[in-house]
Structures are given as C-alpha cells and as structure tokens.
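Letter by letter, the chains look like this.
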Amino acid sequence: VNRVDGVTASMRRILKAAGQDTGSAGGKVLEVNTAHPLIRSMVRLREGGIDQGFLQTCVRGILDCALAEAGLIEDPRAMVDRMHTVMEHALNPKP
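Chains are numbered independently. Their residues run from 1 in the order of the written sequence. Per-residue local features are limited, in this predicted model, to residues with pLDDT of at least 70; the limit for side-chain atom pairs, both in listing and counting, is 80 or more; totals at the level of whole chains, interfaces and linings are taken over all residues. Only hydrogens and water are set aside when side-chain values are computed; all heavy atoms of the structure are taken into account.

**Description of a nonpolar patch on the surface**
Let me state the cut-off plainly: Two joining distances apply to patches: 9 Å for like charges and 5 Å for nonpolar side chains (Val, Leu, Ile, Met, Phe, Trp, Tyr), and every residue must have over 30% relative accessible area and no salt bridge. The accessible surface values rely on the Shrake-Rupley method and a 1.4 Å probe; as for residues, cover is taken only from the protein chains in view. Here, a salt bridge means any Lys or Arg side-chain nitrogen found within 4 Å of an Asp or Glu carboxyl oxygen. The numbering of helices and of strands both runs from the N terminus, where a helix is a DSSP run of H or I of at least 4 residues and a strand a run of E of at least 2.
Judged by side-chain polarity, L30, V32 and L63 come together as a nonpolar surface patch covering roughly 240 Å² of accessible area. Mapped onto the elements, L30 comes out in the loop between α1 (9–17) and α2 (37–47).

If you want it as structure tokens, here you go:
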C-alpha cells in the first residue's frame, strides 16, 4: 500500500531511470490478512515445529509476491531461487 505522501512504483521507476535517488522516496506498508489461508497455515506450521529456515523462506515468498505485484522487484533472481526451494519442498517432502 502506498503511503499518502509516498511515491508510486511507476514514479520510483521514472526517478531511477533519471538517476535520482529513490531510497528516501517514501516507504510502503505491507498489510497482512491474518485470516488468509496461507497465513493461517504458516501459523499452524510454526506451532507444529516445522523447520524454521523453510518457514522463513515461505514468509519471504509472501513478501516477494507483494513486491512483485507492486512492481518493486529489482532483482527477481533471489525470488525465483526462493520459489524453487518452496516447490522442491512441496514436491519432495521429507518423512
């Protein structure tokens, strides 16, 4: 979500293309719907003692998706690596 005094993703790209610093161009706010099935599942996994490293990868995946949706992913390679980790875990669960 853009702050009221924040800069949109489009404006951030324009500033960056013009060589302007976008680091202080207003922050974003991530709103999390705690009733969403993905979030509720992650809470259950945390309480069930799942590998914290994998759970952190899942949490970062939520952030990656929000950033991608807002047009704020600067380097998608790290996001792709995390998605591959999640898919590998889902397709090859450890007993």
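**Overview of the nonpolar core**
Inclusion rule: Within this scheme, the nonpolar core is defined by two criteria: the residues are buried Ala, Val, Leu, Ile, Met, Phe, Trp, Tyr or Cys, and they are joined through side-chain atoms within 4.5 Å. Each residue's exposure class comes from its accessible area (1.4 Å probe, protein chains only) as a fraction of the maximum for that residue type: buried when under 20%, exposed when over 50%, partly exposed otherwise. Any two residues having at least one pair of non-hydrogen atoms within 4.5 Å are treated as being in contact.
The biggest cluster of nonpolar side chains holds six residues, and these are I39, M42, I50, F54, L55 and C58. For this core, the secondary-structure elements that each account for two or more residues are α2 and α3 (52–69). Per element, the largest residue contribution to this core is three residues, and it comes from α3. Once residues lying within four places of it in the same chain are set aside, the contact partners of F54 are T85, V86 and H89.

**Side note on the packing of α2 against α3**
Heads up, the condition is: Axes here mean lines fitted to C-alpha atoms, for a helix over just the part in contact, with angles spanning 0 to 180 degrees between N-to-C directions. Roughly parallel means an angle under 35 degrees; roughly antiparallel means over 145; roughly perpendicular covers 65 to 115; every other angle is labelled oblique. Note on convention: the crossing is left-handed when the near helix lies turned anticlockwise from the far helix by less than a right angle, right-handed when the turn is clockwise. Throughout this entry, Asp, Glu, Lys and Arg are counted as charged residues, while Ala, Val, Leu, Ile, Met, Phe, Trp, Tyr, Cys and Pro are counted as nonpolar. The remaining residues, Gly among them, count as polar.
The contact between α2 and α3 brings their axes to 11 Å, and the two run at 165 degrees. With respect to α3, the axis of α2 lies roughly antiparallel. Of the two possible hands of crossing, α2 and α3 adopt the one that is left-handed. From α2, L38, I39, M42, L45 and R46 reach across to α3, where they touch Q52, L55, C58, V59 and I62. Of the residues assigned to the contact of α2 with α3, the class counts are eight nonpolar, one polar and one charged.

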